[in-house]
There are 2 protein chains.
Amino acid sequence: MEQNLFVYNTLSRKKEKFEPLNPPHVGMYVCGPTVYSDAHMGNTRTYISFDLIFRYLSHIGYKVRYVRNITDAGHLEGDAGDEGEDKIAKKAKLAQLEPMEIVQKYTVGFHEVMQIFNTLPPSIEPTATGHIIEQIEMVKEILAKGYAYEVDGSIYFDVEKYNQTQDYTILTGRNLDDLLVNTRTLGGQDDKHGKLDFALWIKAKPEHLMKWPSPWGIGFPGWHLECSAMSSKYLGHQFDIHGGGLDLAPTHHTNEIAQNVAACGKNPAKYWLHTNMLTVNGQKMSKSLGNSFLPHELISGNNKILSKGYSPMTVRFFMLQAHYRSTLDFGNEAMEASEKGFKRLMNAFSLLEGLKPSGSNEIEIQPLIDRCYAAMNDDFNSPVLIAELFEGTRIINSVHDGKMKINAENLQLLKTMMNTFVLDILGLKSEQAANDDLPKIMDMIIALRNEAKVNHDYATSDKIRNGLQQIGFKLNDSKEGTNWSKI
Amino acid sequence: MEQNLFVYNTLSRKKEKFEPLNPPHVGMYVCGPTVYSDAHMGNTRTYISFDLIFRYLSHIGYKVRYVRNITDAGHLEGDAGDEGEDKIAKKAKLAQLEPMEIVQKYTVGFHEVMQIFNTLPPSIEPTATGHIIEQIEMVKEILAKGYAYEVDGSIYFDVEKYNQTQDYTILTGRNLDDLLVNTRTLGGQDDKHGKLDFALWIKAKPEHLMKWPSPWGIGFPGWHLECSAMSSKYLGHQFDIHGGGLDLAPTHHTNEIAQNVAACGKNPAKYWLHTNMLTVNGQKMSKSLGNSFLPHELISGNNKILSKGYSPMTVRFFMLQAHYRSTLDFGNEAMEASEKGFKRLMNAFSLLEGLKPSGSNEIEIQPLIDRCYAAMNDDFNSPVLIAELFEGTRIINSVHDGKMKINAENLQLLKTMMNTFVLDILGLKSEQAANDDLPKIMDMIIALRNEAKVNHDYATSDKIRNGLQQIGFKLNDSKEGTNWSKI
């Protein structure tokens, strides 16, 4: 917490010194996925970015309560998320499953993807369906304050009325009149008084699957409401950081702020952080353009636009090589460059433990450590941090090759630096003992033994067989050669 | 579904033919963990048992909706789960965390344990806090039917009134008068009219952390209620299988049945299945006896009562070697026997693909397959199934050793049988390429090389170093010895 951290606040459109409301506590809310389909790459980037932020804040001493929700109801298909069919219920009908079976399937899948990329679980992972009561209570408050109105069992937020005393577009700084001109009038919106009004509570048609009783009849909450209700419940009316993908700022986050201000008079978060988009070879990633791929396809290489697969840590490293507020462009060449870079970094890392200190010293590590912190303190600038870690890599290689001398004190600093920034903060890990090494090593051992037998060196060949037996492997000789199995 | 499956029904105290209400659909509800501490061995056994049942029902063609809840509120400390402090809130106070942080920590941990033991995720995993409205609605129904009463903001179920027209002890067959005599009158129970009455809704004291508004004021649901509300929601008023640990039958499941019958006139499940207890060296496993250990301790061996650690699949195999309705006694000797048995099974399994069919045939596999199904159809008798699979193991080894001939047709049946029952139904998997083998093998290779050097056999020592280099491993020699790293 001694760090002089600056973060870019979408709200002020500038970098601000990070001063939490109740240090050493930090409350951070990040909008989670709607679990109606496989986790996609854009979300993956967003959650890896906030994992970096969570790890760094924790590292510098804050006690972070990180809340990331699961949207399991109420997210409709329309542009603003509150028109048309419920995304999860639609998928459930197609698959002839209960909506909560869809929720379970894709929540399990999302957690697997998060685990593969070594992101830490958030402190709390609340669901929309788990907070219907809290959402109903918030609708009541907004109604009581006069910022919402009921039409036939649905409740809408009155944007124009709100904007008379508050600034509806405070987050993006856009012009409200422009917004009004550019907003389409969609069918089914007839109940709304104003074009920008949005649903807080939606009356359920008889065939609607996910619905609950409320003071206004059977219905379900609007998508934007859950985040306001859950962030208030777990982080209070005001907390430190609210994050999400940049695409959420104009509507979802704008409406969240309006809901919170209307209900309890406060913009919920002091700092609003947004992650930028992914592109593929310079184009927006989208299913319709045929240039999208899923996280597991990126790992397996099983997609026509990928020339090969990349390990999970290569993907994480690739993502962290761009700043979270920059667009990140996927391409096979860029991925291959990251793969090489990650190997270079981890190879140096593996040499670190074996380095020997010298009596004399030719390199001071503290300035390098200071530059690593400076990079992270500049709005979590991971690409600059990685460049500094490559300086560490060069030092490790030079010392290892005997071209540079380092004393015990600086060697210890170098070890601490690499462990802290590579493992704890960037969240990278060695993929060293991957399962696919075992067959290669066994092949080598079998070749050694065969050679010993050819040379009539039966002492060695027996030693190999017995040694393997002791650690649980059996060699099976046959006409076709020797294969192995576990005992 | 052509199978002639019989299951032991606690309700009738006998084996009954399994005839689902709406074939090919099967609804199965299993009481899940209260997430206030690490997953314990007893729960682990219960969920591995129901995983076997889920896998077998799915294998024989049923479309199973398997619901297993997460209790994240309302489970109090008293014997009946509705007296004293909320288990999660108590832990939250001790750890100075929000209760939902406790819930998240132990839910993540529970899922990890389930994954380690290769249990499939259930179809739906609903939470108590996610179904407060449904629980309130059920309390209203029970009140309306006259089977509950309100005292100062709390609602209690009236067991004596219920028992006038229904059979409260139908599940266990115990005598109600005996129960009344043996039930202690606890402090704080004064609000209850009868000694066996239990809480449906509990008024929250001001300091209580997890509470919601209701028609009776601010409170929280009783522990037994959630399962009634969630099973009804996702499986309907009547479904096929309700499961859980045997310890849940006398109170939790007895009360669940009473709630469902009171609210909608139906015992919720046709078949009630219960898993038996774990013992350790013949004694009940309990913290106070100092003979308890956690799943990860059983794997690491890091507990004084364990002579060593056992792989996750060894543990799963050990558990499946007992029938789910038998007590299962842990002991180091029994575990070591299971470890050997599991290795024997998996070693034969690994030979299977390499077996060559013969023109003649000395063994018929179909009768063995029939016996495997017969075992599972006899109330999921996994120990008998495993004995049959060892017959398969003997056949595989005999064919492999050239002592028995098998033709192509029977070899194919043998492969199908082993794959189906070992992998799909028992849910075992090969641990062959486990990461922890790599260090052991590298140690052996380094020892071989050192010996070669001591014997001045530099050809061999260089061959080892170069061979490793080619497959991406580097040896680092120093005064302390030789270590290795990936290049």
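Conventions we followed
- Residues numbered from 1 in each chain as written.
- Chains lettered and ligands numbered in written order.
- Predicted model: local features only at pLDDT ≥ 70, side-chain atom pairs only at ≥ 80, totals over all residues.
- Helix = DSSP H or I, 4+ residues; strand = E, 2+ residues; numbered from the N terminus.
- Buried ≥ 20, exposed ≤ 12 C-beta atoms within 10 Å, placed from the backbone.
- Contact = placed C-beta atoms within 7 Å.
- Domains from an automatic or database assignment.
- Nonpolar A, V, L, I, M, F, W, Y, C, P; charged D, E, K, R; others polar.
- Axes fitted to C-alpha atoms, helices over the stretch in contact; angles between N-to-C directions.
- Parallel < 35°, antiparallel > 145°, perpendicular 65-115°, else oblique.
- Expected span 1.5 Å × (residues − 1).
- Arc of directions from axis to C-beta.
- Pairing = 2+ DSSP bridges.
- Least-squares fit on C-alpha atoms with pLDDT ≥ 70 in both.

## Let's talk about the overall build of chain A
Here is step 1: On a plain count of helices and strands, chain A comes out with 16 helices and 15 strands.
Here is step 2: On the principal axes, the C-alpha backbone points of chain A span a range of 90 × 60 × 40 Å.
Here is step 3: Taken across its 487 residues, chain A has 45% of its residues classed as buried.
Here is step 4: Of the contacts formed within chain A by residues at least 6 apart in sequence, a portion of 72% connects residues at least 24 apart.

## Concerning the domain arrangement of chain A
Here is step 1: Once the domains are mapped, chain A shows domain 1 (6-275), domain 2 (302-425) and domain 3 (437-486).
Here is step 2: Put simply, the middle of domain 1 of chain A and the middle of domain 3 of chain A, counted by C-alpha atoms, are 60 Å apart.

## A closer look at the interface of chain A and chain B
Bring the parts together and some accessible area is lost; that lost area is often taken as the interface size.
Here is step 1: Listed by partner, the interface residues are 40 residues for chain A and 43 residues for chain B.
Here is step 2: Going through the elements one at a time, helix 3 (99-116), helix 4 (132-144), helix 11 (332-352), helix 15 (437-454), helix 16 (458-470) and strand 15 (481-486) of chain A are the ones with two or more residues in the side of chain A that touches chain B.
Here is step 3: The element best represented in the side of chain A that touches chain B is helix 15 of chain A, accounting for seven residues.
Here is step 4: Residues of the side of chain A that touches chain B, tallied by class, amount to 20 nonpolar, twelve polar and eight charged.

## Quick notes on the packing of helix 10 (residues 312-320) of chain B against helix 11 (residues 332-352) of chain B
Residue and element names in this part refer to chain B.
Here is step 1: Running from N to C, helix 10 and helix 11 cross one another at 105 degrees; their axes reach a closest spacing of 9 Å. Relative to helix 11, helix 10 is oriented roughly perpendicular. Residues Met313, Thr314, Phe317 and Phe318 of helix 10 form the contact with helix 11, whose own contacting residues are Met335, Ser338, Glu339, Gly341 and Phe342.
Here is step 2: Looking at the contact of helix 10 with helix 11 residue by residue, the classes come out as five nonpolar, three polar and one charged.

## Regarding helix 14 (residues 408-425) of chain A
All names here are of chain A.
Here is step 1: A rise of 1.5 Å per residue sets the reference length of helix 14, with its 18 residues, at 26 Å; its end C-alpha atoms lie 24 Å apart and thus fit the reference within 8%.
Here is step 2: If you check which residues of helix 14 are buried, you get Asn410, Leu411, Leu414, Met417, Met418, Phe421, Val422 and Ile425. Across the axial projection of helix 14, the buried residues extend over an arc of 160 degrees, all falling on one side. Set apart from the buried face of helix 14 by more than 90 degrees, the exposed residues are Ala408 and Thr416.
Here is step 3: Along its buried surface, helix 14 packs onto helix 1 (41-59), helix 11, helix 12 (366-377) and helix 13 (382-400).
Here is step 4: Looking one or two residues beyond helix 14, the residue adopting positive phi is Gly427, at roughly 70 degrees.

## A look at the environment of B:Thr275
Here is step 1: Inspection of the secondary structure puts B:Thr275 in strand 10 (residues 269-275).
Here is step 2: The contact partners of B:Thr275, leaving out residues within four places of it in the chain, are B:Arg45, B:Thr46, B:Ser49, B:Gly245, B:Leu246 and B:Tyr324.

## Quick look at unusual backbone geometry
Residue and element names in this part refer to chain A.
Here is step 1: Cis rather than trans, the peptide bond between Pro23 and Pro24 has omega equal to 5 degrees.
Here is step 2: Turning to its location among the elements, Pro24 is positioned in the loop between strand 2 (14-17) and strand 3 (25-30).
Here is step 3: With phi around 55 degrees, Asp152 is a residue other than glycine that occupies positive phi space.
Here is step 4: Residue position: Asp152 is located in the loop between strand 5 (148-151) and strand 6 (154-157).
Here is step 5: The exposure class assigned to Asp152 is exposed, which follows from the 8 C-beta atoms found within 10 Å.
Here is step 6: With phi around 60 degrees, His456 is a residue other than glycine that occupies positive phi space.

## A few points about the sheet that holds strand 6 (residues 154-157) of chain B
The pairing of strands in a sheet happens through backbone hydrogen bonds and is either parallel or antiparallel.
Residue and element names in this part refer to chain B.
Here is step 1: The four strands lie next to each other as 5-6-7-8, forming an open sheet whose pairing is antiparallel. Lying at the two open borders of the sheet, with one neighbouring strand each, are strand 5 (148-151) and strand 8 (219-221). Adjacent strand axes in the sheet meet at a mean angle of 20 degrees when their direction is disregarded.
Here is step 2: Strand direction decides the pairing type here: strand 5 and strand 6, joined by four bridges, are antiparallel. Bridging across to strand 6, Glu150 finds its partner in Ile155.

## Things to note about the relation of the copies chain A and chain B
Here is step 1: Between chain A and chain B, which share one sequence, the superposing operator has a rotation angle of 177 degrees and an axial displacement of 0.4 Å; the RMSD is 1.8 Å. Interpreted geometrically, this transformation is the action of a two-fold axis. It is A:Gly130 whose C-alpha, among those of chain A, lies nearest the rotation axis, at 1.6 Å.
Here is step 2: Of the residues that chain A buries at the interface, 95% are likewise interface residues in chain B, meaning the two copies contact each other through the same surface.

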